[in-house]
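One-letter residues, chain by chain:
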Amino acid sequence: MRITRFWPAIAAATAMALAATPNLSAFESSGGDLPDLANTLNKPWQEFQFKGAKNASSRNGAGVNSIVIHTTEGSGVYENTINWFRNSSNNSNSAHFVIARDGRVTQMVDSSRRSWHATYYNRRSIGIEMSGFSFGHSDPNDDKPDTWRYEVGEIPDPHDPTPGDGYRSNLDTLAQIVAFYVDKYNVPLVHPTGEAQWHRNSEGDVVIDSEYNQSGLVAHGQIQPWSRRDPGPEFPWDELISRTNAILVPEPATASLFLGAGLLFLRRRRA
Ligand SMILES: [Zn+2]
């Protein structure tokens, strides 16, 4: 997500979807999937809340088969992203979840509804914003670092004052949420390769030759490679998949006590 720049195609989608924008109080009372998520996984997150986003719409019958990973980029900090998705002047974007560097998480749109994070992928996906930055920022003068290069104990991102231990905590939370939706919607636990194909015409406008069309755990940059790179080439996809697998199919010796009840629940549901 980039909240500091305006992307024309989002404006077109916004115009079409504005009529379907629900009022905030309906979201607030729905509570999203969060009670289920919390009860199932029983993770001792420091903060675990639902705050309705302004922008959301119907999936128009589409099934969820993918999870799109973003980094917050321009907004950087967890609270700022949440506030932007609730801002009355925001007519362009939202996400299902925002995850802080220290593992706190806020759900903003129920998974049964469409959040506005990746244009033509919105109807089929869950959108998750990770607090942090992707390497390869489009602005060459921008020195924002790559969140995913940090290891435990390294100096935290200077643009994000959230205390934490590199990316470990927010990747742990992400794996918990991914496990929940892999189980709920049978999203394939794979990171498919490739990206949308596009070129610029003689006027310099972007022309999409073929949209990306894969299920699984997908980068925003694969869907809109002409304007987005998040979460960036350093994002640890293999680590995310192995952590998610460990939650879904725990080794008996490593299943911890505090997760035990939730894991049994997941295994029963998958059986
Ligand atoms: Zn994005």
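Residues numbered from 1 in each chain as written. Predicted model: local features only at pLDDT ≥ 70, side-chain atom pairs only at ≥ 80, totals over all residues. Heavy atoms only, no water.

Please clarify how the overall build of the protein chain should be interpreted in this entry.
Within the protein chain, the regular secondary structure consists of eight helices and 10 strands. Taking all 271 residues of the protein chain together, 52% fall into the buried category. When the accessible surface of the protein chain is summed, it comes to about 12100 Å², and 51% of that surface belongs to carbon and sulfur atoms. (Helix = DSSP H or I, 4+ residues; strand = E, 2+ residues; numbered from the N terminus. Buried < 20%, exposed > 50% of the residue type's maximum accessible area, 1.4 Å probe, protein only. Areas by Shrake-Rupley, 256 points an atom, 1.4 Å probe, with all protein chains shown as cover.)

For this particular structure, what's the right way to read the nonpolar core?
Most often, soluble globular proteins have nonpolar side chains that are buried together. Residues Ile67, Ile128 and Leu174 are the most contacted members of the largest nonpolar core, which totals 31 residues. Listed by contribution, the elements that provide at least two residues to this core are strand 3 (66-71), strand 4 (97-99), strand 7 (125-130), helix 5 (168-185), strand 10 (216-219) and helix 7 (237-248). With nine residues, the top contributor of residues to this core is helix 5. Ignoring sequence-local partners within four residues, the contact set of isoleucine 67 consists of Ile126, Ile128, Val178, Tyr181, Val187, Gly216, Leu217 and Val218. Grouped together as the second largest cluster of nonpolar side chains are 11 residues, Ala53, Ile82, Phe85 and Ala100 included. (Core = buried A, V, L, I, M, F, W, Y, C linked by side-chain atoms within 4.5 Å. Contact = heavy atoms within 4.5 Å.)

Help me understand the packing of aromatic side chains, please; the structure alone is not making it clear to me.
Aromatic rings in a pair are described by how distant their centres are and how their planes are angled relative to each other. Tallied over the full model, the rule gives seven aromatic pairs. Between tyrosine 121 and tyrosine 212 the ring centres are 6.2 Å apart and the planes differ by 25°, which places this aromatic pair in the stacked class. Remark: tyrosine 212 occurs in the loop between strand 9 (206-210) and strand 10 and tyrosine 121 occurs in the loop between strand 6 (113-114) and strand 7; sequence separation between them is 91 residues. Like tyrosine 121, the residue tyrosine 212 is buried in the burial classification. Aromatic side chains tyrosine 181 and tyrosine 185 sit 6.0 Å apart centroid to centroid with 10° between the ring planes, which places their arrangement in the stacked category. Here tyrosine 185 and tyrosine 181 lie together in helix 5, a separation of four residues that amounts to about one turn. (Phe/Tyr/Trp six-rings, centres within 6.5 Å; stacked < 30°, edge-to-face > 60°.)

Is there a simple way to explain the side chain of lysine 54 in this structure?
Position of lysine 54 among the secondary structure elements: in the loop between strand 1 (48-50) and strand 2 (57-58). Within polar-contact distance, the side chain of lysine 54 engages the backbone oxygen of serine 88 at 2.8 Å. (Polar contact = N/O pair within 3.5 Å; in protein donor to acceptor, adjacent residues only side chain to side chain.)

What am I meant to see in the confidence of the model for the protein chain here?
Should pLDDT be low for a region, the predicted coordinates there are not to be read in detail. Looking at the protein chain, pLDDT values average 77 and 64% of them are 70 or higher. No element of the protein chain has a lower mean pLDDT than helix 1 (residues 8-17), at 39, and none a higher one than strand 10, at 98. Low pLDDT, under 50, characterises residues 1-29; the stretch is placed with 62 contacts to residues that sit more than four places away or in other chains. Counting contacts from residues 161-165, a segment whose pLDDT is below 50, to residues more than four positions away or on other chains yields seven contacts. (pLDDT = per-residue confidence, 0-100.)

What is the right way to read unusual backbone geometry from this model?
Among all residues except glycine, the phi angle is most often negative; among peptide bonds, the trans geometry is most common. The step from aspartate 230 to proline 231 runs through a cis peptide bond, and the omega angle for that step is 0°. Mapped onto the fold, proline 231 is located in the loop between helix 6 (220-223) and helix 7. The residue asparagine 186 is not glycine, and still its phi comes out positive at about 55°. Along the chain, asparagine 186 falls in the loop between helix 5 and strand 8 (197-200). Residue class for asparagine 186 comes out exposed when judged on its relative accessible area of 65%.

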